[in-house]
Amino acid sequence: MTQMIINGERVNAADGRTLDVVSPTDGQVFTTIPRGQSADIDNAVASARAALSGDWGRKTALDRGRLLVKLGEKVLEHHEELAQIESRDTGKPLSTSRADIVALARYFEFYGGGADKVHGQTIPYQTDYSVQLIREPLGVTAHIIPWNYPAQMFGRSVAPALAMGNACVVKPAEDACLSVVRVAELALEVGFPAGALNVVTGLGEEAGAALSRHSGINFITFTGSNEVGVLIQKAAAENAVKCVLELGGKSAHVVFDDANLNVAVPAIVKGIVYNTGQTCTAGSRLLVQRSVYDKVMQQLAQAFSSTRAGTPEMDLTCGPVVNKAQFQRVKHYVEKGLSEGLTIIAEGTIADGVPEGGYFVKPTLFSAPDHSSCLFQDEIFGPVLVAVPFDTEEEAIALANATDYGLLGAVWTENGGRQQRVARGIQAGQVYINGFGAGGGIELPFGGVKKSGHGREKGFIALEEVSTTKTIIHYYGKTN
Ligand code: NAI
Ligand code: MG
């Protein structure tokens, strides 16, 4: 049985209750996690607060950085163990989990190296004044993270916060949290003081809601659905704390008639089937210039037909989706696409021999006559790609922007001017030119516009998001 980490201890929920953990591969319960409640959140927030005025709060930036780097090394030492845990919990192919754990280590290494490189400023002011602008931690930071990349999301969220000297309370997703708990245990082993990094497992509407509205927190970061993102921002408003929201996307590939399809086609397929489409940055819409539409669809159909879903050990194109709700959601959207008159151009297969009861779905490629279907609007969070032709550059940009989301985009063309115009025209936090997805992209500032959320994670900029400035104005003139 898994336990939580509060104040440097492995603990059960205060009331002893647990939740079953179901394997996406066969639908069977394989372990339990504590069902944390507001009493557990209270304990975690109190321990984080105490850490800030204790050992943790007294650490230098250099020492915080060293601890993070050590944690990165420890993660790599436990690479295979963590990858196995991640695959068991999420159903990911083992090679995907292995890549995720390397990315997790990179978060600790990158922000470990960054901890002592956030410098202040001096500001010229009036005669006999010295003005310093110093960076301070926000305090107790709350991190509500999703189940699609549990280990990576954990690193992305807590590594910059710890680098800046905050104390963290993490509520991982009830659907997949085992790697998060294990890494928090490793953090204690490498010497993070009690209370610097707490993990409370449990349900979103219980532990998650209790954390987001806790009056003892100073910041919330959340990645997940729009619906819950709105609740988080309201809770943050009640306490007048800052929040960073990453609420998914409906990102478009824009393929022009001069695109290099040898590169584009495999990238487009990977961009939607990787992690079984359960990626906020998935390239889930495809806009193709009409003159090459049939050719592109033909090549994509071939690539889609060879995708296969299987167990983690089979290590195929993708695994199952994470739970029954996601399974039904994907099925619902495929049926919806058909009922709206969209055409299935190609499907992948589910490997022979997958267990009964697993949440396996086929990668599916749809073609649509225009952009009006809800499949172009809703985040499906499954391996479903929907394509539509366009004629002009202006139309392509307008279509790319014709959703409520604005997380990512990609433009495929050899025309240099067009590359820049389209990249700048797409409303999104990141745009790729002749490429897609960055395998973690720890160094690259990331986040949304429009309903994809606000605030930035990853890159050096994240260190600014999880800290604040203080202006110290010092008059040093003679007073007699
Ligand atoms: P969700 O938004 O409910 O879950 C994400 C996290 O929020 C989990 O840790 C959950 O425990 C927590 N949570 C849920 N309700 C909460 C509440 N009332 N207060 C505080 N925390 C709460 O996402 P869900 O229901 O698992 O997935 C539904 C859809 O959301 C997906 O199909 C996908 O479209 C989107 N999603 C997007 C993600 C992204 O990476 N942007 C990640 C996960 C889901
Ligand atoms: Mg939910």
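None of the values given here were measured: they were computed from a predicted structure.

Trainee: Help me out: how do you make sense of the overall build of the protein chain in this one?
Mentor: A count of helical and extended segments in the protein chain gives 15 helices and 22 strands. In terms of C-alpha radius of gyration, the protein chain reaches 23 Å, essentially the compact-globule figure of 23 Å for 480 residues. For the C-alpha atoms alone, the extent of the protein chain along its principal axes is close to 85 × 60 × 40 Å. When burial is assessed residue by residue, the protein chain has 58% of its 480 residues classed as buried. At a minimum sequence separation of 6, the contacts of the protein chain that also span at least 24 residues come to 74%.

Trainee: Whenever I open this one, the nonpolar core confuses me. Can you help?
Mentor: As a rule of thumb, nonpolar side chains are buried together in soluble globular proteins. Grouped together as the largest cluster of nonpolar side chains are 80 residues, with contacts concentrated most on Leu71, Val75, Phe108, Phe154, Val170 and Phe192. Considering every element that reaches this core, the biggest residue donor is helix 6 (residues 150–163), with eight residues. If we ignore the near neighbours within four places in the chain, the residues touching Leu71 are Phe108, Val183, Leu186, Ala187, Val190 and Phe192. Counting residues in each nonpolar core, the second largest holds 32 residues, with Ile272, Val273, Met297 and Phe446 among its members.

Trainee: In this structure, what is going on with empty space enclosed by the protein? I would like to understand it.
Mentor: Regions of empty space are outlined by a rolling probe, equal in size to a water molecule, passed over the atoms. Throughout the structure, instances matching the rule amount to four cavities of 30 Å³ or more. Considered as a void within the structure, the largest cavity measures approximately 80 Å³ in volume. In terms of lining, the largest cavity is formed by 13 residues, of which the most central are Ser157, Pro160, Thr221, Glu457 and Val466. Going through the elements one at a time, helix 6, strand 10 (219–223) and helix 15 (461–465) are the ones with two or more residues in the lining of the largest cavity. Grouping the constituent residues of the lining of the largest cavity by class yields five nonpolar, three polar and five charged.

Trainee: What is the right way to read the packing of aromatic side chains from this model?
Mentor: Describing an aromatic ring pair means giving the distance of the ring centres and the angle of the ring planes. Enumeration according to the criterion identifies eight aromatic pairs in this entry. Judged by centre distance (6.1 Å) and plane angle (50 degrees), the ring pair of Phe327 and Tyr359 falls under tilted. One end of the pair, Phe327, is in helix 12 (residues 324–339); the other, Tyr359, is in the loop between strand 16 (349–350) and strand 17 (364–367), and 32 residues separate them in sequence. Overall, the relative accessible area of 12% leaves Tyr359 in the buried class. Here the aromatic residues Tyr125, Tyr129 and Tyr475 are joined through ring pairs into a cluster of three or more. The ring of Tyr149 has Lys92 lying over it, and the distance from NZ or CZ to the ring centre is 3.9 Å.

Trainee: Help me out: how do you make sense of the sheet that holds strand 22 (residues 467–475) in this one?
Mentor: By definition, the strands of a sheet pair up through backbone hydrogen bonds, in either a parallel or an antiparallel sense. Pairing is antiparallel in the open sheet, where three strands are placed in the order 5-6-22. The open sheet has two edge strands, strand 5 (121–123) and strand 22, and neither has a second partner. The sheet shows a mean angle of 25 degrees between the axes of neighbouring strands, direction not considered. Of the strand pairs in this sheet, strand 6 (residues 129–137) and strand 22 are connected by nine bridges, and their pairing is antiparallel. Of the residues in strand 22, the one forming a bridge with Ile134 is Lys470.

Here is what the cut-offs are and how they apply
Residues numbered from 1 in each chain as written. Chains lettered and ligands numbered in written order. Predicted model: local features only at pLDDT ≥ 70, side-chain atom pairs only at ≥ 80, totals over all residues. Heavy atoms only, no water. Helix = DSSP H or I, 4+ residues; strand = E, 2+ residues; numbered from the N terminus. Rg over C-alpha atoms; globule rule 2.2 N^0.38 Å. Buried < 20%, exposed > 50% of the residue type's maximum accessible area, 1.4 Å probe, protein only. Contact = heavy atoms within 4.5 Å. Core = buried A, V, L, I, M, F, W, Y, C linked by side-chain atoms within 4.5 Å. 1 Å grid on protein atoms, 1.4 Å probe; cavity = no way out; pocket = protein on both sides within 12 Å on 5 of 7 lines; lining within 4 Å. Points joined across faces, edges and corners; volume = space filled by probe spheres on them. Nonpolar A, V, L, I, M, F, W, Y, C, P; charged D, E, K, R; others polar. Phe/Tyr/Trp six-rings, centres within 6.5 Å; stacked < 30°, edge-to-face > 60°. Lys NZ or Arg CZ within 6 Å of the ring centre and 35° of its normal. Pairing = 2+ DSSP bridges. Axes fitted to C-alpha atoms, helices over the stretch in contact; angles between N-to-C directions.

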